[in-house]
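Working through the structure, step by step
The lines below spell out each chain.
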Amino acid sequence: MLTLGIESSCDDAAVAVIETVAPGIATVRSSTVANQDDIHRAYGGIVPELASRNHVVTIVPVVERALSDARCTLADIRGIAVTSGPGLVGSLLVGLMFAKGLAQATGIAMVGVNHIEGHILAPMLENRIAMPYLALVVSGGHTALFAVEDFGRYRRIGRTRDDAAGEAFDKVAKLMGLGYPGGRAIDELSRHGNRKRVRIPRAHVKGAPMDFSFSGVKTFVATLLASAAGRAERPEDLAASFQEAVVDMLVNPTIAAARELGADTIALTGGVAANSRLRERLAEAAGADGRRLVAPALKYCTDNAAMISLAGSYRLLRGERDSLGIDAEANLSL
Ligand code: KG4
Ligand code: ZN
């Protein structure tokens with residue numbers, strides 16, 4: 001079954017075609033992303049109005065490209081999976097309205113997909129993973145741990161109490177003048193730095209070992225950079241020390257959750273899953289604990305539509321479809 005996936009919850013417009021043989025077992029035929037980083041960079045963050053307006057311009061060409069890359073036409077598509085939330089409502093509406101129009105015009109079944117469910121299932125695009133498994137979803141908007149019990153059955157067992165980890169990366173990168181989005185710049189700079197040079201306190205959420213908190217570490221770096229001593233540090237060392245602190249604060253609750261669940265597999269997913277040090281440290285920690293870490297290829301870590309297609313396709317296989325009355329929900333919960 002070929003599923004067309006459409007994702008426009010934030011600043012990327014992504015479209016993919018996947019071929020699903022059974023729930024969670026699929027081949028990606030194409031996965032296209034129209035990235036808007038160049039548009040938002042000048043503002044140091046995403047401007048929602050610009051994001052949605054650009055989706056309006058790019059959505060049709062991106063769909064055409066995904067179909068042609070997959071060497072198929074709309075006539076071959078059996079289902080449409082579209083992100084209906086959470087995200088920026090103006091951005092979500094562009095993809096959702098496009099999908100509704102397509103479903104109405106062609107009669108193809110359509111389902112709305114939760115963006116987070118897409119991230120949770122993304123590691124299955126390239127790996128066979130037995131459920132239950134533990135998913136660490138770590139991106140610019142989310143940082144949470146989910147027990148993945150079955151398709152459609154996810155239990156959140158840990159979450160950030162304040163900022164998302166990616167948000168902390170982006171804010172610190174901005175303070176350091178590394179541009180936007182800054183997670184990758186910090187990752188690259190850190191390769192040449194001494195991660196023990198700057199002592200950065202790690203935050204623990206009292207009484208909640210599976211929860212996260214990143215606002216303190218971000219404020220710590222901001223305060224440090226406001227001082228002469230802080231400004232005298234080499235940026236490489238500061239980046240590496242900050243990154244190590246964030247990685248520690250991600251790894252410890254994740255291992256605690258894996259033990260609590262007795263999960264053999266930990267799946268790392270979301271934009272920050274692209275971080276090289278996080279991958280390395282979590283793989284080590286999981287291995288030392290007798291568990292396996294599965295992390296998707298970088299293109300499936302950041303926002304993409306292959307993961308949305310996968311999250312929609314198991315429902316389409318069951319014969320489900322949503323009505324054309326489905327609405328975009330900025331705060332859609334799982
Ligand atoms: O999943 P994603 O594409 O969008 C959201 O749903 O948020 O994640 C984007 C986030 C940004 O905060 C970006 O800085 C971060 O992922 N990111 C990284 C790296 N690559 C992307 N953070 C740390 N290290 C990286 N290599
Ligand atoms: Zn995302």
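Structural notes, computed from the coordinates. Nothing here was measured: the structure is a model prediction, and the numbers come from that model.

A closer look at the overall build of the protein chain
- Looking only at helices and strands, one finds twelve helices and ten strands in the protein chain.
- Relative to the compact-globule value of 20 Å for 334 residues, the protein chain shows a C-alpha radius of gyration of 20 Å, a close match.
- For the protein chain, the spread of C-alpha atoms along the three principal axes comes to 65 × 45 × 30 Å.
- Taken over 334 residues, the protein chain has a buried fraction of 53%.
- Once local pairs closer than 6 in sequence are excluded, the contacts in the protein chain between residues at least 24 apart make up 73%.
- Split by element, the accessible area of the protein chain, about 14,100 Å² in all, is 50% carbon and sulfur.

Some words on the environment of Gly 79
- Inspection of the secondary structure puts Gly 79 in strand 4 (residues 77-85).
- Here Gly 79 falls in the buried class, since its relative accessible area comes to 0%.
- Between the C-alpha atoms of Gly 79 and Arg 161, which are 82 residues apart in sequence, the distance is 37 Å.
- The contact partners of Gly 79, leaving out residues within four places of it in the chain, are Leu 2, Thr 3, Leu 4, Ile 108, Ala 109 and Leu 316.

Overview of the coordination of the zinc ion (ligand 2)
- In the first shell of the zinc ion (ligand 2), the protein supplies His 115 (NE2), His 119 (NE2) and Asp 303 (OD), at 2.1 to 2.2 Å from the metal.
- Each of the four donor atoms bound to the zinc ion (ligand 2) contributes to angles spanning 91 to 146°, and the resulting shape is irregular.
- Each donor residue of the zinc ion (ligand 2) belongs to the same chain, with the gaps between them written as H-x3-H-x183-D. Here the residue His 119 occupies a position in helix 4 (residues 115-121), and Asp 303 occupies one in the loop between helix 11 (298-301) and helix 12 (306-317), the gap between them amounting to 184 residues.
- Judged by relative accessible area, His 119 falls into the buried class, the value being 0%.
- Of the residues examined, Asp 303 reaches a relative accessible area of 17% and is grouped as buried.

Some points on the side chain of Asn 114
- In this fold, Asn 114 is placed in strand 5 (residues 109-114).
- Exposure remark for Asn 114: the relative accessible area of 7% places this residue in the buried category.
- Polar contacts involving the side chain of Asn 114 include one to the main-chain carbonyl oxygen of Ser 333, which spans 3.3 Å.
- Contacts of Asn 114, omitting those with residues within four sequence positions, involve Gly 85, Pro 86, Leu 332, Ser 333 and Leu 334.

Some words on the side chain of Asp 187
- The topology assignment puts Asp 187 in helix 6 (residues 183-190).
- The class of Asp 187 is buried, set by a relative accessible area of 6%.
- Residues within four places of Asp 187 in sequence aside, it is in contact with Gln 243, Ala 274, Asn 275, Ser 276 and Arg 277.

Some points on the site of ligand 1
- Neighbouring ligand 1 are 17 residues; Gly 140, Asp 170, Asp 187, Gly 271 and Asn 275 lie closest to it.
- Contact distances for ligand 1 include 3.5 Å between an oxygen atom and a side-chain N or O atom of Ser 139.
- Asp 187 places a side-chain nitrogen or oxygen 2.9 Å from a nitrogen atom of ligand 1.
- In isolation ligand 1 exposes 550 Å². Once the protein is present, 87% of that is buried.
- Taken together, the residues of the shell around ligand 1 sort by class into three nonpolar, ten polar and four charged.

A word on the packing of helix 5 (residues 165-175) against helix 9 (residues 235-261)
- Running from N to C, helix 5 and helix 9 cross one another at 170°; their axes reach a closest spacing of 11 Å. With respect to helix 9, the axis of helix 5 lies roughly antiparallel. Taking contact as the criterion, the partners of Ala 165, Ala 168, Phe 169 and Val 172 in helix 5 are, on helix 9, Phe 242, Gln 243, Val 246 and Leu 250.
- Of the residues assigned to the contact of helix 5 with helix 9, the class counts are seven nonpolar, one polar and no charged.

Quick word on the environment of Ala 256
- On the secondary structure map, Ala 256 appears in helix 9.
- Between the C-alpha atoms of Ala 256 and Ser 9, which are 247 residues apart in sequence, the distance is 31 Å.
- In this view, Ala 256 contacts Pro 209 and Met 210; residues no more than four positions away in its chain are not counted.

Rules behind the numbers
- Residues numbered from 1 in each chain as written.
- Chains lettered and ligands numbered in written order.
- Predicted model: local features only at pLDDT ≥ 70, side-chain atom pairs only at ≥ 80, totals over all residues.
- Heavy atoms only, no water.
- Helix = DSSP H or I, 4+ residues; strand = E, 2+ residues; numbered from the N terminus.
- Rg over C-alpha atoms; globule rule 2.2 N^0.38 Å.
- Buried < 20%, exposed > 50% of the residue type's maximum accessible area, 1.4 Å probe, protein only.
- Contact = heavy atoms within 4.5 Å.
- Areas by Shrake-Rupley, 256 points an atom, 1.4 Å probe, with all protein chains shown as cover.
- Donors = N, O, S within 2.8 Å, 3.2 Å for Na, K, Ca; no water.
- Tetrahedral: all angles 85-135°; square planar, octahedral: opposite > 155°, others 65-115°.
- Polar contact = N/O pair within 3.5 Å; in protein donor to acceptor, adjacent residues only side chain to side chain.
- Near = heavy atom within 4 Å.
- Nonpolar A, V, L, I, M, F, W, Y, C, P; charged D, E, K, R; others polar.
- Axes fitted to C-alpha atoms, helices over the stretch in contact; angles between N-to-C directions.
- Parallel < 35°, antiparallel > 145°, perpendicular 65-115°, else oblique.

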